[in-house]
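# Coordinate inspection notes
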2 protein chains.
Amino acid sequence: MIDAKEYLKKMSAELDGPIKSYIGDEEPSNLMEASRQYPYAGGKRMRPAMAVATCGAVGGDKSKAVPLAVAVEYIHNFTLIHDDLMDGDSKRRGMDTIHVGYGMPTAVLAGDALFAKAYQIICDLDVPAERMRAAMKYVSDAVWDLARGQQMDVNNEGQIVSEEVYIETIKLKTSVLFAAAAAGGAIIGGADDATVKAINEYALELGLGFQMFDDYLGIAGDESKTGKSVGNDIRKGKCTCMVTHAIRSIKDPKVLEEFKGILGNMDATDEQCARAKQIMQEAGSIDYALGLARQKVDNAIAKISFLPESEDKEFMIALANFAINRDV
Amino acid sequence: MIDAKEYLKKMSAELDGPIKSYIGDEEPSNLMEASRQYPYAGGKRMRPAMAVATCGAVGGDKSKAVPLAVAVEYIHNFTLIHDDLMDGDSKRRGMDTIHVGYGMPTAVLAGDALFAKAYQIICDLDVPAERMRAAMKYVSDAVWDLARGQQMDVNNEGQIVSEEVYIETIKLKTSVLFAAAAAGGAIIGGADDATVKAINEYALELGLGFQMFDDYLGIAGDESKTGKSVGNDIRKGKCTCMVTHAIRSIKDPKVLEEFKGILGNMDATDEQCARAKQIMQEAGSIDYALGLARQKVDNAIAKISFLPESEDKEFMIALANFAINRDV
């Protein structure tokens, strides 16, 4: 049985060189530094690892998927730079965010530059042009959807939306890029359309589970590990499937009123945030969310059961389980 | 002899339908509206017209270049949205800029979305994948350079840079996208590498002339037509080739001091701005800049002299002349 965390570490080490090789010493140097900061700083590297693994799982030459892996990681980091700017967040991975360190204009441009670089890299993929085009299509569709998902996230802020809207939002803002990485790797590996489609669906489901678990960590995680203040999502009124479940499940109107009074209250104390969490726990909302995340991951794994056994397939399964079983 | 302005109007009318056909009624509606606003509102449409004309000038089927034309126009508008945000500009084409109308996060995302949409469109070009890849490469390289050029522009603000740095900056922030449109159109039209290269160089030179003339309009244009306040570039201390020429040409130290005192002074009066303009005029800087712009356009036209005579070639020449002979 593969230990996804250890395997990811090994793959990160292998991908680190390529990830750090595409942004050279062009002018202007402040833009280059700003563009490099996030992708060079690390992270879980789940998306690039997935692109490489799916290529291998369909019997392809994994080295050919490495540039795509880098491109997807750059796109992920471009969205992080713009996200941090939009959210006004000041720290990421222990460093100043780009708009804090370099100013707003450079944050906008560093995101744009990483996005452009990702496409330059994909254009140069060492595969027949038809396969390059197919992989590029998945990636372009994903970035279009990403922008839509992030806008939905902005629009949802402070709103109680339905579970359906919540799932559509996290699908667009999180799953589609996982799915593009997975499909792209399979395409580069030479997979047929049906296999690409199944692998794409695997990653879409995995991404949903991943984001649901991320939301869980946001209220129940270990702050010292996640780097996120546990009360923040509650104070921001972030509408997760825990919140939507609680809203529709709390029977006592007084408790419901109390819960709604804390949610989205930027001045809520730590005690109040803890109380909101307790209310969700008592309403079964946290167990519900974890169960839903588990279900998505089970769906993901079922989608790829037809693939022949291999270390890469095993890693794909381990990665799906890791998405909902991690402390950061 | 083709009248470029009239011809552009005719082409704009033909391109308007395609330009307005790619952003549908997906969710969320505020992002769709924000993404549509600039490209749907009009503009000179020089870049898309160029993509179509170069395709025709090499004997290609011009209808196949239309999607690329749209993609390039979207990319141009994506950079305008981000530019307006970075510059804090509040009006464009008589309307509120996107960050003013929709807020900063939506301006960031609308730009990103237009960028992604452009790539979706290019992926679907109705040409062999190898040609799609070649066109895509020009476009991706251009956007990478664009971000660099815009960052240089930010870095140059309030600085006196050399003419060399000025030209490198406008090449990156303006010419490369013209050049990608031109090269892309020629590639779609089936041109060989040498022809694509020559057409690319034509548009690079044209773009330089265009931007130099744009800077001229910025201090000498008719405000009621350009929509730009004539003193603004002087108050912002924008380093144009008129400014660099003046700085190196003004003999009288007192006049030089007076000039430097007005340049970059956000509180400069209209009279002071007019005086700065007069100083540049007396130093021959305005004539110098216009001469340089003329030279670039002559270079541009010379690059495509080898093309067989056609209406499209004639338009390419007219467009180059129009770049430095327009009131808006």
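Note that the structure is a prediction, hence the values are computed from the model and not measured.

Turning our eyes to something else, we now look at the nonpolar core. Grouped together as the largest cluster of nonpolar side chains are 243 residues, with contacts concentrated most on A:Tyr202, A:Phe259, B:Tyr202 and B:Phe259. Per-element accounting of this core gives the leading share, 15 residues, to helix α8 (residues 163–188) of chain B. The residues contacting A:Tyr202, other than those within four sequence positions of it, are A:Met50, A:Ala300, A:Lys303, A:Ile304, A:Met316, A:Leu319 and A:Ala320.

For the rest of this paragraph, the subject is unusual backbone geometry. Residue A:Pro28 is reached from A:Glu27 by a cis peptide bond, and omega for that bond is -10°. Although it is not a glycine, B:Arg45 adopts a positive phi angle of roughly 60°. In this structure, B:Arg45 sits in the loop between α2 (29–41) and α3 (46–57). Positive phi, normally seen in glycine, also occurs at B:Arg93, with a value near 50°. Within the secondary structure layout, B:Arg93 lies in the loop between β1 (91–92) and β2 (95–96).

Residue and element names in this part refer to chain A. Evaluated as defined, the whole model comprises 46 salt bridges over all chains. As a salt-bridge pair, Lys20 and Asp16 come within 3.3 Å of each other at their nearest N and O atoms. By relative accessible area, Lys20 is classed as partly exposed at 38%. Given a relative accessible area of 24%, Asp16 falls into the partly exposed group. In this structure, Asp84 engages Arg92 in a salt bridge whose closest nitrogen and oxygen atoms are separated by 2.7 Å. A relative accessible area of 2% places Asp84 in the buried class.

Here we come to the confidence of the model for chain A. Confidence along chain A averages 96 in pLDDT terms, with 100% of residues attaining 70 or more. Across the predicted assembly, pTM comes out at 0.96 and ipTM at 0.95.

Another aspect to go through is the relation of the copies chain A and chain B. The operation relating chain A to chain B is a screw motion whose rotation component is 180°, with 0.0 Å of axial translation and a residual RMSD of 0.0 Å. Such a combination of rotation and displacement between the chain copies is what one expects of a two-fold axis. Identified as the residue of chain A closest to the rotation axis by C-alpha distance is A:Ala129, at 2.6 Å. Here 100% of the contact residues of chain A are again contact residues in chain B; the copies associate through an equivalent surface.

Turning to the packing of aromatic side chains, a few remarks are in order. Applying the stated criterion to the full structure yields 14 aromatic pairs over all chains. An angle of 55° between the planes, with centres 3.9 Å apart, marks the rings of A:Phe115 and B:Phe115 as tilted. One end of the pair, A:Phe115, is in helix α6 (residues 104–123); the other, B:Phe115, is in helix α6 (residues 104–123), on a second chain. The buried category is assigned to A:Phe115, whose relative accessible area is 0%.

Rules behind the numbers
- Residues numbered from 1 in each chain as written.
- Chains lettered and ligands numbered in written order.
- Predicted model: local features only at pLDDT ≥ 70, side-chain atom pairs only at ≥ 80, totals over all residues.
- Heavy atoms only, no water.
- Core = buried A, V, L, I, M, F, W, Y, C linked by side-chain atoms within 4.5 Å.
- Buried < 20%, exposed > 50% of the residue type's maximum accessible area, 1.4 Å probe, protein only.
- Helix = DSSP H or I, 4+ residues; strand = E, 2+ residues; numbered from the N terminus.
- Contact = heavy atoms within 4.5 Å.
- Salt bridge = Lys/Arg side-chain N within 4 Å of Asp/Glu carboxyl O.
- pLDDT = per-residue confidence, 0-100.
- Least-squares fit on C-alpha atoms with pLDDT ≥ 70 in both.
- Phe/Tyr/Trp six-rings, centres within 6.5 Å; stacked < 30°, edge-to-face > 60°.

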